[in-house]
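# Commentary on secondary and tertiary structure
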Amino acid sequence: MEENKHVTIYDIAERLNLATSTISRALKDHHTISDKTIKKVKKTAEEMGFVPNTLAAGLRGNKTKTIGVLIPTVTQPFLSSLISGIEITAQKSDYTVIIMQSHDSYYEEVNMAKSLYSNRVSGVICSLAMETRDTSHFQQFSNNNIPLVFVDRVPKDYNTFRVVIDNYTAGYKATKHLIEQGCIRIAHLTAGSEFGNLYNERKRGYIEALKDHNLPIDEELIINLKSVTYEEGVKASNQLFDLDPIPDGLFAPGDIIAVSAVQTAKKRGIKVPDEIAIIGFNNDPISQIIDPNISTITHPAEKMGKAAAEIIIKNLKSQKSDDAKEITFLNTEVLARESSDKKKSLETIVK
């Protein structure tokens, strides 16, 4: 039994009294090495516990078969599902995945991008940090023909691949759902900088839905969050519930914000959905656990992850350069649950 150490081709060469070049070629089934030698080398390598250094080999060939994933955090269910989709597709093509978190910090995102580049990743999939306004740190990938795909949180102007949902339509659907429940004073919590278009598009859908149904656009009902977190949701909800009258509908940018609104309403004695109907976004597991269940917009995270990874792998396999960058739009649907079922609630009260 060999000692617990990293076995190299030098160790195998010393054991078999062969040149290291012969060992290296034999392990790669090189045509200049006899079948007998190849079998002997591979058998000895297995007995000694030799593991090929694929990273070193990748660096020599400038190809590591590694996809770098740069996201705000792994704790959000949407992003966890996105990663799952990326890994499922990557593994099928023998690619490994490196995951890095920006924690919604522009500074961290810049550093993580540099780290991925220095690790010679084959491609990059990124969902932008909330603070990001300048995307010049991604130019190092584009300049060196490393496929780059932005997912979900994408920049407005960057000539590369993108995988997004139709956020405008999703925002419109969410707001229309509340209107159909009888809401006429609908609040909207939004987020992100003006640089990113995800939340801006959802907000645009919200505004257009109000206009199309002849409802006023009240700026005091639109609050910009610093981050999509429970704590920020509580602050914004309290701000809305301090108004007189309070809104009778709320479209939140994520389910965690919708949850914070429901729990804040309960603490203040405001009934959901009787006094305020609430709809979230993403269809996170928590939306079905809380009482009342949260109405939400479906967000096909795993499919988006698979699509992003497929673009990377397809681009790496193709030898031609394509200036027309692919944009994938994935549809969303309203999942109506208890938190927005104002009609049913009112019918019950009448009865």
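Residues numbered from 1 in each chain as written. Predicted model: local features only at pLDDT ≥ 70, side-chain atom pairs only at ≥ 80, totals over all residues. Heavy atoms only, no water.

### Description of the side chain of T160
By the secondary structure assignment, T160 is in the loop between β4 (148-151) and β5 (161-165). Judged by relative accessible area, T160 falls into the buried class, the value being 7%. A distance of 2.5 Å separates a polar side-chain atom of T160 from the backbone oxygen of L148. (Helix = DSSP H or I, 4+ residues; strand = E, 2+ residues; numbered from the N terminus. Buried < 20%, exposed > 50% of the residue type's maximum accessible area, 1.4 Å probe, protein only. Polar contact = N/O pair within 3.5 Å; in protein donor to acceptor, adjacent residues only side chain to side chain.)

### Digging into unusual backbone geometry
With omega at 10°, the peptide bond leading from V272 into P273 counts as cis. Tracing the backbone through its elements, the reader meets P273 in the loop between α11 (255-267) and β9 (277-279). Along the chain, D291 connects to P292 via a cis peptide bond; the corresponding omega equals 0°. Position of P292 relative to the elements: it lies in the loop between α12 (286-289) and β10 (296-297). One non-glycine residue, D29, adopts positive backbone phi at about 55°. For D29, the position within the fold is in the loop between α2 (20-27) and α3 (35-48). We classify D29 as partly exposed; its relative accessible area is 45%. Backbone geometry places N283, a non-glycine residue, at a positive phi of 60°. Looking at the element boundaries, N283 is found in the loop between β9 and α12.

### Observations concerning the pairing of strand β1 (residues 66-71)
Extensive coverage of β1 is indicated by the burial of six of its six residues. Taking the sense of rotation as the criterion, the β-α-β connection linking β1, helix α5 (residues 77-92) and strand β2 (residues 96-101) turns out right-handed. Direction of pairing for β1 relative to strand β3 (residues 123-126): parallel, over a ladder of four bridges. Each residue of the ladder has a partner; that of G68, found in β3, is V124. (Right-handed = clockwise from strand over helix to strand, strands pointing away. Pairing = 2+ DSSP bridges.)

### Let's talk about the sheet that holds strand β11 (residues 327-330)
Spatially, six strands are ordered β2-β1-β3-β4-β5-β11 in an open sheet, and the strand pairing comes out parallel. Of all strands in the sheet, those with a lone pairing partner are β2 and β11, marking the two edges. For this sheet, the mean angle separating the axes of adjacent strands, direction not counted, is 15°. In this structure, β4 lies alongside β5, joined through three bridges in parallel fashion. The partner of F150 across the bridge, within β5, is R162. (Axes fitted to C-alpha atoms, helices over the stretch in contact; angles between N-to-C directions.)

### Focus on the packing of aromatic side chains
Tallied over the full model, the rule gives six aromatic pairs. Ring centres of Y117 and F141 lie 6.0 Å apart, and the angle between their planes is 70°; this geometry places the pair in the edge-to-face category. Of this pair, Y117 sits in helix α6 (residues 106-118) while F141 sits in helix α7 (residues 139-143), and the two are 24 residues apart along the sequence. For F141, a relative accessible area of 0% corresponds to the buried category. Of the aromatic side chains, those joined through ring pairs into one cluster are Y117, F138, F141, F150 and Y158. Sitting over the face of the ring of Y95, K65 holds its NZ or CZ atom 4.7 Å from the ring centroid. The ring of F281 carries the charged tip of R202 above its face, separated from the ring centre by 3.6 Å. (Phe/Tyr/Trp six-rings, centres within 6.5 Å; stacked < 30°, edge-to-face > 60°. Lys NZ or Arg CZ within 6 Å of the ring centre and 35° of its normal.)

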